[in-house]
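# Summary of the model geometry
The lines below spell out each chain.
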Amino acid sequence: LKNEGVMGFYQGYFTTVMREIPFAFVQFPVYESLKKQVALLQGKEVPDAIPAAACGSVAGGFAAAVTTPLDVAKTRLMLGADAEGVAYKGTLDTLSRVYAEGGMRGLFAGVTPRVTWISIGGFVFFGSYEAAKRVLLNYLP
């Protein structure tokens, strides 16, 4: 608050939104496609909850990997400045500076823990969603 005011709490917010939109545009179509393929393999119209959860895990992990550069930019913007104290000036500036410093490796820093964490979350989220949907469809008129 002292240095940046209330807006300091929102550092990286725009980049977070920019990361979430492509993430969702990748995750949901991949999930639906995998779910259809698994249902065909199971000989069902809709796959069971656990295989659907596995589809969610794969879709989330893939989307996480593809959007990692935006996550790196978001994190750097939230930090505010690089190691030398030079402030970042926005998403594109941040991405270009990260690339200049570390190339593709820099843009994909942290991809393994990000993919791991989001894959676990995708398994839980989509598995729960499919199980709840099945229960509600069976018991509601």
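Residues numbered from 1 in each chain as written. Predicted model: local features only at pLDDT ≥ 70, side-chain atom pairs only at ≥ 80, totals over all residues. Heavy atoms only, no water.

Locating lysine 35 in the fold gives a position in helix H1 (residues 13-42). Once the C-alpha coordinates of lysine 35 and glycine 5 are considered, the two residues, 30 residues apart in sequence, prove to be 46 Å apart. Sequence-distant contacts of lysine 35, that is, excluding residues within four places in its chain, are made with Pro47, Cys55, Glu130 and Lys133. (Helix = DSSP H or I, 4+ residues; strand = E, 2+ residues; numbered from the N terminus. Contact = heavy atoms within 4.5 Å.)

This structure, assessed with the given rule, holds 3 aromatic pairs. Each ring, one from tyrosine 31 and one from phenylalanine 126, has its centre 3.9 Å from the other, and the planes form 25 degrees; the classification is stacked. In this pair, tyrosine 31 is assigned in helix H1 and phenylalanine 126 in helix H5 (residues 111-139), connecting sequence segments 95 residues apart. By the burial criterion, tyrosine 31 is buried, and phenylalanine 126 matches it. Their ring planes at 80 degrees and their centres at 4.9 Å tell us that phenylalanine 125 and phenylalanine 126 sit as a pair that is edge-to-face. Following the ring pairs from residue to residue traces out a cluster consisting of Phe28, Tyr31, Phe125 and Phe126. (Phe/Tyr/Trp six-rings, centres within 6.5 Å; stacked < 30°, edge-to-face > 60°. Buried < 20%, exposed > 50% of the residue type's maximum accessible area, 1.4 Å probe, protein only.)

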